[in-house]
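Breakdown of the fold
Each chain, written out:
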Amino acid sequence: MQEEVVRIRDPLGFAFDPSCVLYLPLWKRDASIFANQRAFMSGDAYGHRCLVLGALWTPQGYTFDGTDDYIDCGSSTALAISGAGSQLTVIAWIKPETPALTYARIVARADAANEGYFLAHGSLAGSVFFTIKDVANASLTSTNLMVMSSWNHVAGVYDGYRLKIYLQGLEDSRTAADYTSGVSAYAGGSLLIGKANTVDSRYIKGIPGEVAVLNRGLTPLQIQRHFLATKWRYS
């Protein structure tokens, strides 16, 4: 019975996978008060202390108002995925509303020159944008759009060669050629949910239900497995 509970709540074993550097089941519980700040611990093996700035908890996730709400997951070196040979996967369940600006950040750890990585609500219409460096074949925009005011499973994967975007568990798009230099380095700053790192803007509007960041590129089967195992929560 215990194994079944773990499998349903954490279908890829994120809580025990050392390659999962961040796992946030945002639907799970509201933040607690620590030193007059709202915060919770991430559900991965690293136990990041995540500060909640303005976002309000619901049983499906945190509601972001698109104006000034975000979550700061800290600047642990585990989140600083970069360099030759690096890989990356960013997964999120999100119920988006139309943001005030394009490229509203779902997950971000990048500077103003896009050194680092982020997954974003790209166009106002609902495309997904994924980048590991602002050069050719290191950024990608989805072909299809997220459905506004509905739950979307989105993922950006870099396997050391190509960037890929997945929507609802299926591959949507991939870069045209290999990019083998790895994720670009961002020297400092926190990983943020809901806003850009270096400007006070690009806020998402909507409800992220859960987020995961891994320092390896998940396979298409693993992405689909995560979608199928978690979609019941967002049906």
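Please read these numbers as outputs of a predicted model, since none were measured by experiment.

**Re the side chain of Asp17**
Summarising the element assignment, Asp17 is placed in the loop between α1 (2-9) and β1 (20-25). By relative accessible area, which is 13% here, Asp17 ends up buried. Among the polar contacts listed, one links the side chain of Asp17 to the side chain of Ser19, at a separation of 2.8 Å. A polar contact of 2.8 Å, which involves the side chain of Asp17, links it to the side chain of Arg216.

**Digging into the packing of aromatic side chains**
Overall, the coordinates contain 7 aromatic pairs when judged by the stated rule. With a centroid separation of 6.0 Å and 20 degrees between ring planes, the pair formed by Phe40 and Tyr62 is classed as stacked. One end of the pair, Phe40, is in strand β3 (residues 37-41); the other, Tyr62, is in strand β6 (residues 61-65), and 22 residues separate them in sequence. Given a relative accessible area of 0%, Tyr62 falls into the buried group. Between Phe118 and Phe129 the ring centres are 5.7 Å apart and the planes differ by 40 degrees, which places this aromatic pair in the tilted class. Linking Phe118 in strand β10 (residues 116-121) with Phe129 in strand β11 (residues 128-131), this pair joins segments that are 11 residues apart in sequence. Using a relative accessible area of 10% as the deciding quantity, one classes Phe129 as buried. Feature note: the residues Trp93, Trp151, Phe227 and Tyr234 constitute an aromatic cluster, connected by ring pairs. Above the plane of the ring of Phe118 lies Arg105, whose end atom (NZ or CZ) is 3.9 Å from the centre. The lysine or arginine in question, Arg233, covers the ring of Trp27, its NZ or CZ lying 3.4 Å from the ring centre.

**A look at the pairing of β10**
Counting buried positions along β10 yields 6 of 6 residues, so the element is predominantly enclosed. Of the two faces of β10, the one carrying Gly116, Phe118 and Ala120 and the one carrying Tyr117, Leu119 and His121 are both buried. Relative to β10, strand β9 (residues 104-110) is paired through 6 bridges, and the arrangement is antiparallel. What sits directly across from Arg105, in β10, is Ala120. Between β9 and β10, which pair antiparallel in sequence order, lie 5 residues; one of them, Asn114, sits at a positive phi of approximately 65 degrees. In this sheet, β11 lies alongside β10 in antiparallel orientation, the contact comprising 4 bridges. Bridging across to β11, Ala120 finds its partner in Phe129. From the end of β10 to the start of β11, which pair antiparallel, there are 6 residues, and Gly126 there has a positive phi angle of about 120 degrees.

Parameters and conventions
- Residues numbered from 1 in each chain as written.
- Predicted model: local features only at pLDDT ≥ 70, side-chain atom pairs only at ≥ 80, totals over all residues.
- Heavy atoms only, no water.
- Helix = DSSP H or I, 4+ residues; strand = E, 2+ residues; numbered from the N terminus.
- Buried < 20%, exposed > 50% of the residue type's maximum accessible area, 1.4 Å probe, protein only.
- Polar contact = N/O pair within 3.5 Å; in protein donor to acceptor, adjacent residues only side chain to side chain.
- Phe/Tyr/Trp six-rings, centres within 6.5 Å; stacked < 30°, edge-to-face > 60°.
- Lys NZ or Arg CZ within 6 Å of the ring centre and 35° of its normal.
- Pairing = 2+ DSSP bridges.

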